[in-house]
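Residue-level structure breakdown
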Amino acid sequence: MSSDDPLAKAKANSNDKGAEQQLVCVTGAGGFIGSWVVKELLRRGYRVRGTARDPADCKNAHLLALEGAKERLTLCRADVLDRDSLRAAFADCHGVFHVASPVSNDPELVPVAVEGTRNVVNAAADMGARCLVFTSSYGAVHMDPNRSPDAVLDETCWSDYDYCKRTQNTYCCAKMLAERTATAEAARRGLRLAVVVPSVTTGPALQRALNVSTHHVARYLTGARDTYPNAVAAYADVRDVARAHVLAYERPAARGRYLCIAAVLHRAELAAVLRDLFPQYPVTARCEDDGGKPMARPYRFSCRRAKEELGLEFTPLRKSLYDAVLCMQSRGHLLPAIQQQQRHHQRASL
Ligand SMILES: NC(=O)c1ccc[n+]([C@@H]2O[C@H](COP(=O)([O-])OP(=O)(O)OC[C@H]3O[C@@H](n4cnc5c(N)ncnc54)[C@H](OP(=O)(O)O)[C@@H]3O)[C@@H](O)[C@H]2O)c1
């Protein structure tokens with residue numbers, strides 16, 4: 001292999017053993033991000049154990065079809081609230097990627113995120129893993145109404161917990177508490193912790209079902225939402241997010257948070273990109289604040305750590321969105337565009 005080969009470089013940088021000999025575990029392996037983490041690890045030659053609450057469920061079948069899965073992937077049953085199942089899943093693993101978490105605002109699921117993370121860190125340490133990579137969210141970073149709109153947000157920033165609670169952003173509260181728990185427990189147990197902090201993650205799915213962030217795109221594309229909110233969001237490509245996890249694992253010096261964000265867009269801009277890429281769809285065209293309040297301003301992030309320390313390059317959002325939509329079309333998640341148009345016109349004439 002040439003010295004310019006990124007895989008050869010990654011292997012040279014990786015923890016003690018060559019990647020091809022290492023066993024690593026991914027929690028929530030069948031989900032949107034988890035599946036891409038598994039795929040990236042297999043591509044780099046790792047032996048992978050993926051956890052799911054029901055590995056035999058057909059929603060996880062795509063994992064076994066991944067390249068290298070036949071030889072190097074096993075699936076095992078684990079629930080993050082069941083420590084014994086986690087210990088069994090992490091046995092002999094060099095590293096653990098803790099991706100599993102409910103993506104939900106249901107307060108009853110907060111313990112799955114928080115106590116589940118405590119259990120994962122401790123089971124990983126009990127079983128002698130050297131490194132834990134934890135998937136946080138930019139919801140733990142940017143939610144603070146008192147921050148100057150000119151601020152550049154980086155890994156030192158945290159959301160305002162009370163504000164998230166007051167505004168019923170339970171998911172953000174859960175991710176903040178889970179990340180803080182991971183940090184404290186990993187320090188207590190002497191485990192190296194790297195935290196990947198993605199924003200709204202888009203791009204093609206490996207699993208068949210629509211996940212929450214892909215639905216975020218679909219509902220504007222199909223005009224399922226009559227209006228879009230006067231709001232901004234940050235976006236990242238799922239393939240970059242997965243690569244960030246593996247790069248953070250492979251760099252022995254990688255510790256702490258790595259923001260993983262490619263672009264920040266007002267919903268009007270998101271709709272404009274979708275309309276430009278897919279003019280055949282009835283993309284939502286009206287803002288809920290039309291003629292009212294001023295447009296929400298985009299905030300800025302610095303992903304210097306991910307770029308410089310991990311060597312991560314970001315996929316342009318336009319390509320992510322294009323690939324996401326093509327994938328949804330191929331899975332039958334979107335009605336053919338012509339039916340969409342007819343539905344839209346029918347609704348408009350009511
Ligand atoms: N997608 C985004 O835009 C985004 C952005 C930032 C951060 N994140 C974070 O990325 C991670 C994955 O999100 P995703 O979008 O890939 O979500 P997803 O497709 O809904 O996957 C979530 C995974 O969590 C697992 N899970 C849920 N409850 C569990 C429990 N009690 N025990 C074990 N596993 C459980 C599910 O596994 P089962 O198969 O067992 O149901 C599923 O595989 C989450 O930590 C999320 O907070 C996502």
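Please refer to the structure higher up on the page.
In this text, all values refer to a predicted model and were calculated from it rather than measured experimentally. (Residues numbered from 1 in each chain as written. Predicted model: local features only at pLDDT ≥ 70, side-chain atom pairs only at ≥ 80, totals over all residues.)

1. Focus: the packing of helix 6 (residues 110–126) against helix 8 (residues 170–189)
- In the contact formed by helix 6 and helix 8, the axes pass within 8 Å of each other and the chain directions differ by 20 degrees. One element, helix 6, and the other, helix 8, form an angle in the roughly parallel class. When you trace helix 6 past helix 8, the crossing you get is right-handed. On helix 8, the residues that touch V110, A113, V114, T117, R118, V121, N122 and A125 of helix 6 are T170, C173, A174, K175, L177, A178, T181, A182, E185, A186 and R189.
- When grouped by side-chain class, the residues that make up the contact of helix 6 with helix 8 number 11 nonpolar, 4 polar and 4 charged. (Axes fitted to C-alpha atoms, helices over the stretch in contact; angles between N-to-C directions. Helix = DSSP H or I, 4+ residues; strand = E, 2+ residues; numbered from the N terminus. Parallel < 35°, antiparallel > 145°, perpendicular 65-115°, else oblique. Left-handed = near helix turned anticlockwise from the far one by under 90°. Contact = placed C-beta atoms within 7 Å. Nonpolar A, V, L, I, M, F, W, Y, C, P; charged D, E, K, R; others polar.)

2. Quick notes on helix 8
- The terminal C-alpha atoms of helix 8 lie 28 Å apart, and with 20 residues this matches the ideal 28 Å at 1.5 Å per residue to within 8%.
- Contacts from the buried residues of helix 8 go to helix 6, strand 5 (131–135), helix 7 (161–166) and strand 7 (192–198).
- Among the residues trailing helix 8, G190 stands out with phi positive, at a value near 70 degrees. (Expected span 1.5 Å × (residues − 1).)

3. Notes on unusual backbone geometry
- One non-glycine residue, D92, lies in the positive phi region at around 70 degrees.
- At Q168, a residue that is not glycine, the phi angle is positive and equals roughly 60 degrees.
- Secondary-structure assignment places Q168 in the loop between helix 7 and helix 8.

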